[in-house]
Amino acid sequence: MECKWVQTTCPYCACGCGLILLAIDGEIVDTLPSRTSPTNKGTLCIKGWNVHEFVQHKDRLKKPLIRNGGSFRETSWDEALGYAARELRRIRDTYGPDAIGILTSARCTNEENYILQKFSRATLGTNNVDHCARL
Amino acid sequence: MTNSFDELAEAECIFAIGSNTTIAHPIVSSRLFRCRKNGGTLIVVDPRKTEISRSADIHVQHRLGTDVALINGLMHIIHKNGWHNQEFIQERTEGFEELIATVEAYTPDRVAEITGVDTETLARVAKIYAQSQTSAIIYCLGITQHTTAVDNVKSLANLSMLCGQIGRPSTGVNPLRGQNNVQGACDMGGLPNVYPGYQAVTVPENRKKFENAWGRELPPNVGLTIMEMMGGCLDGKIKGMVILGENPVMSDPDSRHVKEALLSTEFFMAIDIFPTPTTAVAHLVLPAASFVEVDGTFTNSERRVQRVRKVIDPMAGKTNWQIIQELSTLLDYPMHYESAEEIFNEMASLTPSFAGISYPRLNEKGICWPCPNPDHPGSPILHVGKFTRGRGLFHAIEFKPPAEAPDDEYPFWMTTGTERAHYLTATMTRRCIHLDREMPELATDLNPADAKKMNIRDGDTVRVTSRRGTLLSKVWVTDRVKPGVVFMPLHFEEAAANLLTNPAMDPISKTPEYKVCAVRVEKVD
Ligand code: SF4
């Protein structure tokens with residue numbers, strides 16, 4: 001049995017409480033508050049305490065999905081990324097880079113946000129990049 | 001935030017406006033309770049009775065959307081009584097005369113009439129805020145989700161500068177951000193006008209720096225905001241959309257409009273961990289990795305950069321940065337990052353306010369930016385001694401009423417917000433059985449006086465209709481709202497409050513007016 005404790009940061013609100021997640025054999029089974037975190041100092045709210053319940057929920061998307069009429073069909077990463085690249089290239093070449101809009105995420109990490117805005121500006125060539133936090 | 005969470009507990013006065021703190025930011029609310037215990041005064045300004053308002057020394061229950069009038073009124077009283085901080089104003093600010101000329105007209109009587117707050121309460125609040133040794137303002141979406149969002153925020157800055165309640169411990173103007181990494185998404189340049197670290201895309205030196213680092217020519221023009229992109233989709237200017245980890249079909253005001261916008265694109269790709277109403281309209285859905293599957297950092301409301309650490313492998317095989325990297329490579333701009341840390345280091349090398357931050361330094365406590373070099377301890381307090389722009393600028397601001405007001409056809413004010421157990425559109429929280437049990441369906445708050453008039457009882461079903469849409473909801477009869485006002489939580493996909501809200505936007509921040517619209521309420525038998 002492999003059992004590990006990992007210290008990380010709560011993904012729900014901007015308090016950013018420190019959490020410790022317990023994983024047994026690749027399954028996250030419990031959450032504890034971090035005592036050393038300057039934000040929460042050993043406490044959590046109801047959402048933080050239950051955070052491990054959503055991550056490995058059965059509804060999680062596991063395969064890329066391509067629209068097929070009114071429904072979706074599962075596909076491979078290669079086909080999905082090839083399709084995305086073809087479409088984005090076609091739109092950029094036909095209408096110009098400013099015909100594409102990118103929304104980064106206030107739910108994702110700094111690194112993910114950085115690379116996505118770089119993708120928008122450098123790869124595609126548009127400053128049409130924003131996020132949903134105005135909402 | 002200009003100051004950190006811990007300092008709130010030490011403040012002599014806290015002025016919390018538009019923040020349902022116990023629900024939206026539970027761990028911050030513990031600081032508010034501690035502040036009171038330490039003898040501080042807690043002033044809560046909110047049109048609704050919330051849990052935190054019931055624990056406050058003073059609850060100012062002003063009318064929806066009258067924040068600017070209220071704050072101008074407080075400044076009027078402070079100035080008339082000579083409670084302002086003349087030394088601070090002289091040394092550190094400009095625009096004082098213009099401000100005073102404007103607030104002159106906001107006499108207590110006029111402000112009482114606009115806001116519904118009596119003149120004694122106004123005077124008491126003004127005095128305590130101005131005369132405490134340390135007063136801290138905190139605010140949340142109740143201030144920013146209005147057509148006057150920027151005016152509201154500037155008014156709070158005016159108030160703090162007028163009294164010199166900024167740039168010292170336990171003072172300042174402190175926004176509590178909505179989502180966990182709003183701060184980070186903005187800091188990282190997830191905005192149409194700035195690169196990471198708020199470096200404007202229109203300044204040629206900034207563009208040069210990023211062009212050199214990234215080895216590509218970059219566009220010089222400011223891009224579109226989210227609402228402009230949605231408009232662009234509808235007029236055919238935007239043909240392709242990529243959305244990472246967000247659910248705008250549900251979270252946008254007037255959600256039908258967003259759905260139509262996304263449906264009218266030629267290619268829309270959504271990257272998310274769960275199926276949502278937004279992924280449902282995509283041409284291509286890519287499975288994202290959640291926070292337990294990646295290394296990285298989040299930045300909380302106090303600008304504290306903290307580590308996120310991988311616990312398990314990505315459930316769909318790739319991290320989100322790997323997805324973007326591979327796509328970029330296919331589009332002839334190869335990226336070769338081997339870790340999140342490498343991405344962070346590139347960002348820090350281009351962003352002066354992050355220059356001193358690195359993963360090894362982030363262990364356990366995190367660091368508040370700005371942190372300009374590796375020996376710098378970070379900056380929990382902003383604007384010490386001097387404002388970022390030099391002198392703090394007062395903005396003279398007139399009150400403007402909300403974009404939509406009740407009339408004969410839509411006689412109720414409606415406002416929206418979050419409830420304890422859920423988080424925003426609840427894609428995650430409704431999948432936690434313990435949280436879903438706490439609050440399984442939509443309930444709208446209605447004042448007992450209105451309920452009685454309309455012969456509605458607790459638990460009855462009503463139809464709520466605005467100019468944009470209509471939906472059914474259970475009723476919770478409660479004095480949390482004043483007569484003539486209803487409150488609806490945002491979390492429910494099958495009955496989305498945003499079918500009803502008003503997409504009228506603040507002209508500068510482009511934040512839609514979620515917090516105020518007019519509705520009709522009818523009993524359904
Ligand atoms: S534990 Fe609660 S208060 Fe702390 S970050 Fe998570 S949601 Fe926010």
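Not measured: the values here are computed from a predicted model. (Residues numbered from 1 in each chain as written. Chains lettered and ligands numbered in written order. Predicted model: local features only at pLDDT ≥ 70, side-chain atom pairs only at ≥ 80, totals over all residues. Heavy atoms only, no water.)

Draft legend 1. Representation of the domain arrangement of chain A in the model. The domain architecture assigned to chain A consists of domain 1 (3–55), domain 2 (62–95) and domain 3 (97–135). A C-alpha centroid distance of 35 Å is found between domain 1 of chain A and domain 2 of chain A. (Domains from an automatic or database assignment.)

Draft legend 2. Representation of unusual backbone geometry in the model. The peptide bond linking Trp369(B) to Pro370(B) adopts the cis configuration, its omega dihedral lying at 0°. Of note, Pro370(B) is situated in the loop between strand S14 (367–368) and strand S15 (392–393). Of note, Asp25(A) is a non-glycine position whose phi angle comes to about 50°, a positive value. Here Asp25(A) shows up in the loop between strand S2 (18–24) and strand S3 (27–33). According to the relative accessible area criterion, Asp25(A) is exposed, its value standing at 52%. (Helix = DSSP H or I, 4+ residues; strand = E, 2+ residues; numbered from the N terminus. Buried < 20%, exposed > 50% of the residue type's maximum accessible area, 1.4 Å probe, protein only.)

Draft legend 3. Structural view of the interface of chain B and chain A. Of the residues lining the interface, 138 residues belong to chain B; the matching set on chain A comes to 95 residues. Interface area, chain B with chain A, both sides summed: about 10,400 Å², of which 64% is carbon and sulfur. Inspection of the chain B/chain A interface yields 58 residue pairs in polar contact (both at pLDDT 80 or more). Looking at the side of chain B that touches chain A element by element, the count peaks at nine residues for helix H17 (residues 320–330) of chain B. Two elements, strand S6 (residues 100–104) of chain A and strand S9 (residues 240–244) of chain B, share four bridges in a ladder whose sense is parallel. Bridge assignment links Leu103(A) to a residue of S9(B), and that residue is Ile243(B). (Contact = heavy atoms within 4.5 Å. Buried area = accessible area lost by both parts, 1.4 Å probe. Polar contact = N/O pair within 3.5 Å; in protein donor to acceptor, adjacent residues only side chain to side chain. Pairing = 2+ DSSP bridges.)

Draft legend 4. View of the sheet that holds S2(A). Residues and elements named next belong to chain A. Ordered in space as S1-S2-S3, the three strands form an open sheet in which the pairing is antiparallel. Here the strands that pair on one side only, and so sit at the sheet edges, are strand S1 (3–9) and S3. Strand-to-strand twist of the sheet, defined as the mean angle between neighbouring strand axes without regard to direction, takes the value 25°. Summarising the sheet, S2 and S3 pair through six bridges and their orientation is antiparallel. The residue bridging Leu22 from the neighbouring strand is Asp30, located in S3. (Axes fitted to C-alpha atoms, helices over the stretch in contact; angles between N-to-C directions.)

Draft legend 5. Quick peek at the packing of helix H3 (residues 77–95) of chain A against H17(B). Contact geometry for H3(A) and H17(B): axes closest at 9 Å, N-to-C directions at 55°. On the basis of their axis angle, the class for H3(A) and H17(B) is oblique. Crossing hand, H3(A) versus H17(B): right-handed. Packed against H3(A), whose contacting residues are Trp77(A), Leu81(A), Gly82(A), Ala84(A), Ala85(A), Leu88(A) and Arg89(A), the element H17(B) presents Ile323(B), Glu326(B), Leu327(B) and Leu330(B) at the interface. In terms of residue class, the contact of H3(A) with H17(B) is built from eight nonpolar, one polar and two charged. (Parallel < 35°, antiparallel > 145°, perpendicular 65-115°, else oblique. Left-handed = near helix turned anticlockwise from the far one by under 90°. Nonpolar A, V, L, I, M, F, W, Y, C, P; charged D, E, K, R; others polar.)

Draft legend 6. Examining the state of the cysteines more closely. Under the definition given, this model contains zero disulfides over all chains. No disulfide involves Cys163(B); its sulfur sits 9.8 Å from that of Cys13(B), the nearest cysteine. (Disulfide = S-S within 2.5 Å.)

Draft legend 7. Spatial organisation of helix H18 (residues 340–350) of chain B. Every buried residue of H18(B) is accounted for by Ala340(B), Ile343(B), Phe344(B), Met347(B), Ala348(B) and Leu350(B). What you see down the axis of H18(B) is that its buried residues fit within an arc of 165°, all on one side. Packed against the buried residues of H18(B) are helix H4 (110–124) of chain A together with strand S8 (199–200), helix H13 (204–214), strand S12 (296–299), strand S13 (304–308) and H17 of chain B. (Arc of directions from axis to C-beta.)

Draft legend 8. Quick peek at the site of the ligand. In the region of the ligand, the neighbouring residues are Cys10(A), Tyr12(A), Cys13(A), Cys15(A), Gly16(A), Cys17(A), Leu44(A), Cys45(A), Lys47(A), Gly48(A), Pro26(B) and Ile27(B). Neighbouring residues of the ligand are distributed over chains A and B. In terms of residue class, the shell around the ligand is built from nine nonpolar, two polar and one charged. (Near = heavy atom within 4 Å.)

Draft legend 9. Broad picture of the pairing of S13(B). Residue and element names in this part refer to chain B. Most of S13 is tucked away: five of the five residues are buried. A two-sided burial pattern is seen for S13, the buried positions comprising Arg304, Gln306 and Val308 on one face and Val305 and Arg307 on the other. The pairing of S12 with S13 spans four bridges and is classified as antiparallel. Note on S13: the bridge partner recorded for Thr297 is Arg307.

Draft legend 10. A look at the confidence of the model for chain B. Residues and elements named next belong to chain B. When pLDDT is averaged across chain B, the result is 88; 91% of the residues are at 70 or more. Counting contacts from residues 420–424, a segment whose pLDDT is below 50, to residues more than four positions away or on other chains yields 31 contacts. Reported confidences for the modelled complex are a pTM of 0.83 and an ipTM of 0.96. (pLDDT = per-residue confidence, 0-100.)

Draft legend 11. A look at the environment of Pro380(B). Residues and elements named next belong to chain B. When you line up the elements, Pro380 lands in the loop between S14 and S15. You can call Pro380 partly exposed: its relative accessible area is 36%. Ignoring anything within four residues of it in the chain, the contact list for Pro380 reads Thr2, Asn3, Ser4, Glu7, Arg303 and Cys368.

Draft legend 12. Structural detail: the sheet that holds S14(B). Strands sit in the order S12-S13-S14 (chain B) across an open sheet of three strands; the sheet is antiparallel. Lying at the two open borders of the sheet, with one neighbouring strand each, are S12 and S14 of chain B. Each of S12 and S13 of chain B is contacted by H4(A), which is oriented at about 95° to S12(B), the strand it contacts most.

Draft legend 13. View of the side chain of Asn300(B). Tracing the backbone shows Asn300(B) in the loop between S12 and S13. In terms of polar contacts, Asn300(B) uses its side chain to reach the backbone carbonyl oxygen of Cys15(A), at 3.0 Å. Here Glu302(B) takes part through its backbone nitrogen, which lies 3.0 Å from a polar atom of the side chain of Asn300(B). Aside from chain neighbours lying at most four places away, what touches Asn300(B) is Ala14(A), Cys15(A), Gly16(A), Thr39(A), Phe5(B), Asn180(B), Gln183(B) and Gln306(B).

Draft legend 14. Inspection of the packing of aromatic side chains at higher detail. Per the counting criterion, the structure on display carries 13 aromatic pairs over all chains. Note on Tyr114(A) and Trp214(B): the rings are 6.2 Å apart at their centroids and 75° apart in plane angle, and the pair reads as edge-to-face. With Tyr114(A) in helix H4 and Trp214(B) in helix H13, this pair bridges two chains. The exposure class of Trp214(B) is buried, given its relative accessible area of 4%. (Phe/Tyr/Trp six-rings, centres within 6.5 Å; stacked < 30°, edge-to-face > 60°.)

Draft legend 15. The arrangement of the side chain of Ser328(B) in detail. You can see Ser328(B) is positioned in helix H17. The class of Ser328(B) is buried, set by a relative accessible area of 0%.

Draft legend 16. Local environment of helix H11 (residues 149–162) of chain B. Residues and elements named next belong to chain B. Taking 1.5 Å per residue, 14 residues should reach 20 Å; H11 reaches 20 Å between its end C-alpha atoms and fits that length. Most of H11 is tucked away, with eleven of its 14 residues classed as buried. Restricting attention to buried positions, one finds in H11 the residues Ala149, Val150, Asp151, Asn152, Ser155, Leu156, Asn158, Leu159, Ser160, Met161 and Leu162. Phi for Gly164, located one or two positions after H11, is positive at around 65°. (Expected span 1.5 Å × (residues − 1).)

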